[in-house]
Structure formats: structure tokens, C-alpha cells
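Spelled out, the chains give:
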Amino acid sequence: MAELTLTDFERGPLPVAHGFSPRAGGVSARPWHSLNLGLSVGDDPAAVVENRRRVARAFGVELESVARLDQVHGAEVHEAAPGVMGRDGDALISDDPRWLLAVSAADCLPIILVDARLGAVAAVHAGWRGAAAGVAAAAVRALSRRYGSDPADLQAWLGPAIQGPCYQVGPEVVAAVRADPTVPAAVAWPDPTVAGRWRLDVPGAVRAQLEASGVVPAAIAVSDTCTHCAADRCFSHRRDAGRTGRHWAVVRAPG
Ligand SMILES: [Zn+2]
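First, a word on what this report is: a plain description of the structure on this page. (Residues numbered from 1 in each chain as written. Predicted model: local features only at pLDDT ≥ 70, side-chain atom pairs only at ≥ 80, totals over all residues.)

### With respect to the overall build of the protein chain
Here is step 1 of the chain: Secondary structure summary: the protein chain contains five helices and 13 strands in total.
Here is step 2 of the chain: Relative to the globule expectation of 18 Å for 255 residues, the C-alpha radius of gyration of the protein chain, 17 Å, shows essentially globular dimensions.
Here is step 3 of the chain: Seen through its principal axes, the protein chain has C-alpha atoms that stretch 50 × 45 × 30 Å.
Here is step 4 of the chain: Counting over 255 residues, the protein chain shows a buried share of 52%.
Here is step 5 of the chain: Across the protein chain, contacts joining residues at least 24 apart in sequence account for 64% of those joining residues at least 6 apart. (Helix = DSSP H or I, 4+ residues; strand = E, 2+ residues; numbered from the N terminus. Rg over C-alpha atoms; globule rule 2.2 N^0.38 Å. Buried ≥ 20, exposed ≤ 12 C-beta atoms within 10 Å, placed from the backbone. Contact = placed C-beta atoms within 7 Å.)

Have a look at this one:
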């Protein structure tokens, strides 16, 4: 049986085991080919479970050690623990290396935060709604409250997502994200092709939110992979009109 390895995952410059799952290397049929990790997108559940198992094994854990939430595009943060699965939320934190924290995405922005000094990590899911809700800042606050993290010690990786030039939105979306005073107006600009529409740079908005939370600008790395453009490597909800798979971004505390 084919197995995934860590080198199959896109990774940022973080000193812990982490990554964004590839599109290839799984067992799902079209249009979820092939490493679809989403159970609620119409794929064969047995294929999804096998795919998830491959991801967990690449990080040296069993499926039972993967911590996941029911993502609701909000700003609620939970600590990984038995029983956390199935709760609503969009960010997980842990300092326990027995857990592999996972967030699901296919255009939305996955964010990994690491406090290497204290051995604490976070996995965060942020689409435009999560950005508007301030989920990245909420995760920084949760790391501080729960583990005593100093935001100035954090390192961040903003993983593959739909990038601003490909992300057309309406004015109500722009207004919602810009309502956060820490988000600069320049994260959105008028769509060059359709009057009344806009383009929105969600990773840029989240970077500004992290910096306002005290994360050092030089400690924030941003993937240049656009899920909408990289059809060979990425599922994209937009590009594939909803008929597509889901990636996981995962991280494990160093222990
Ligand atoms: Zn693109």
C-alpha cells in the first residue's frame, strides 16, 4: 500500500512537525481524486478514512490521535482533549505531542502557530468569515492564556489558500473584514473585470491581525501557493464549484 511521507506535504519554516496535505497520494475517485480528507463532500467514507489514516501515519500517529473540530467559520478556540471532536470551533491548541491538530480547508486559509520556547502549537481555519471574526488573534490569546505564551515568541505559517488576485467577493465581504481596525484597507481592491465586485487578500488580512496581536512580522511566513491556480496540487472550492475534496493542515507539539 502506498504511504505518504512528510516530504509530500507543503511546509513552512517552523521548527515542529507540520504541513499541508497534498492532493495526490490517496484513494478517492473523481472529482475527489485523490487524497480527499473531507467526509461531508459526497465522497466514499471508506476512502476518506483511508486517506485520513495515511496523513496521520505520515506524522507518526494513529487516526484516533487526530484532533478535529466541526468548523463553523467562527473564532472559537478549543484545547485538544478527549471529547473535543465534534465540537464547534475553528482553532485548536495543544502542548501535548500525542495529538495531531488538524484543520480542514479548500481555499480557506490554514494557519499554524508555534511557541517553540514553551512547546505549544495552534492550528487555525480562517476564511473571510473567520478573518472578520478575528480567529487568528483569538488563537494567539488562547496560547497566552492557557500556556503563558508571549506573542513575541510565536512563529506563524499561513498555508496554501486562494490568493487575493483570484478571490472575487462582494462589497459586504470587504466591509466585514475591514471592520476589524487592525486590517488595512489595502487588503481589498476593486475587481478589474467586474464593476461592483472586489478582490480580497485573506492571508494579508490575517498577517496584519497577527502583527497587531504581537507576533513579530519577520516570524510570519506566508505560502505563495494559490489553491485556485494550483489545480494539480490543490483542491479549490471556488474553481471546482464545490465538487471537490478537502485538505488538512496539521501540526504536532514538539513535546
Ligand atoms: Zn490563483
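### Points about the pairing of strand β8 (residues 154–158)
Here is step 1 of the chain: For β8, the buried fraction is high: five of the five residues fall into the buried class.
Here is step 2 of the chain: Side chains L154, A156 and L158 of β8 all project onto a buried face; the interleaved residues Q155 and W157 project onto the opposite face, where all are buried too.
Here is step 3 of the chain: Sheet topology places strand β6 (residues 109–115) next to β8; five bridges connect them, and they run antiparallel. Bridge pairing links V114 to Q155 in β8. (Pairing = 2+ DSSP bridges.)

### As for unusual backbone geometry
Here is step 1 of the chain: Here the amide bond leading from R30 into P31 is cis, since omega sits at 0°, within 30 degrees of zero.
Here is step 2 of the chain: Tracing the backbone shows P31 in the loop between β1 (18–20) and α1 (45–58).
Here is step 3 of the chain: Across the junction of H33 and S34, the peptide omega takes the value -10°, indicating a cis bond.
Here is step 4 of the chain: Mapped onto the elements, S34 comes out in the loop between β1 and α1.
Here is step 5 of the chain: We note that H73 has phi near 60°; this positive angle belongs to a residue other than glycine.

### Some points on the sheet that holds strand β2 (residues 66–67)
Here is step 1 of the chain: Here we have four strands laid out as an open sheet, ordered β1-β13-β5-β2, and mixed in their pairing. If you trace the sheet from one side to the other, it starts and ends with β1 and β2, each paired once.
Here is step 2 of the chain: Pairing geometry for strand β5 (residues 100–105) and strand β13 (residues 247–252), over six bridges, is antiparallel. In the strand pairing of β13, L101 is matched with V251.

### Points about the sheet that holds strand β7 (residues 120–126)
Here is step 1 of the chain: What the six strands build is an open sheet, ordered β3-β4-β7-β6-β8-β12; its pairing is mixed. Bordering the open sheet on either side are β3 (77–79) and β12 (220–222), each of which pairs with just one other strand. Geometrically, the sheet is characterised by an average inter-axis angle of 15° between neighbouring strands, direction not taken into account.
Here is step 2 of the chain: Bridge count for β6 against β7 is seven bridges, and the pairing is antiparallel. Paired with D115 across the strands is A120, a residue of β7.
Here is step 3 of the chain: Contacting β3, β4 (91–94), β6, β7 and β8, helix α3 (residues 135–147) crosses the sheet at an angle of about 160° to β7. (Axes fitted to C-alpha atoms, helices over the stretch in contact; angles between N-to-C directions.)

### Quick word on the nonpolar core
Here is step 1 of the chain: Ranked by internal contacts, the top residues of the largest apolar core, which has 78 residues, are L101, L113, A123, V124 and A139.
Here is step 2 of the chain: Per-element tally for this core: the top contributor is α3, with eight residues.
Here is step 3 of the chain: Setting aside its immediate chain neighbours within four residues, V124 contacts D90, A91, V103, I111, L113, V135, A136 and A139. (Core = buried A, V, L, I, M, F, W, Y, C linked by C-beta atoms within 7 Å.)

### Some points on helix α5 (residues 202–212)
Here is step 1 of the chain: Counting buried positions over the eleven residues of α5 gives nine, a clear majority of the element.
Here is step 2 of the chain: Along α5, the residues that are buried comprise V202, P203, G204, A205, V206, R207, A208, Q209 and L210.
Here is step 3 of the chain: Positive backbone phi, at 105°, marks G214, one or two positions downstream of α5.

### Brief notes about the environment of V250
Here is step 1 of the chain: Structurally, the position occupied by V250 is in strand β13.
Here is step 2 of the chain: C-alpha of V250 to C-alpha of G130: the two residues are 120 residues apart in sequence and 18 Å apart in space.

### Considering the pairing of β6
Across a regular strand the side chains alternate sides, sitting on one face of the sheet and then on the other.
Here is step 1 of the chain: Most of β6 sits inside the fold, with seven of its seven residues counted as buried.
Here is step 2 of the chain: A two-sided burial pattern is seen for β6, the buried positions comprising L109, I111, L113 and D115 on one face and P110, I112 and V114 on the other.
Here is step 3 of the chain: Taking the residues that link successive antiparallel strands as the turn, the β6-β7 hairpin has four residues, and the phi of G119 there is positive, at about 75°.

### Things to note about helix α4 (residues 171–178)
Here is step 1 of the chain: What α4 keeps buried is the set V173, V174 and V177. For α4, the angular spread of the buried residues around the axis is 100°, confining them to a single face. Away from its buried face, by an angle of more than 90 degrees, α4 presents the exposed residues P171, E172 and A175.
Here is step 2 of the chain: Residues of α4 that are buried sit in contact with α2 (128–133), β9 (168–169), β10 (188–190), β11 (198–200) and α5. (Arc of directions from axis to C-beta.)

Keep in mind these numbers describe shape, not what the thing actually does.
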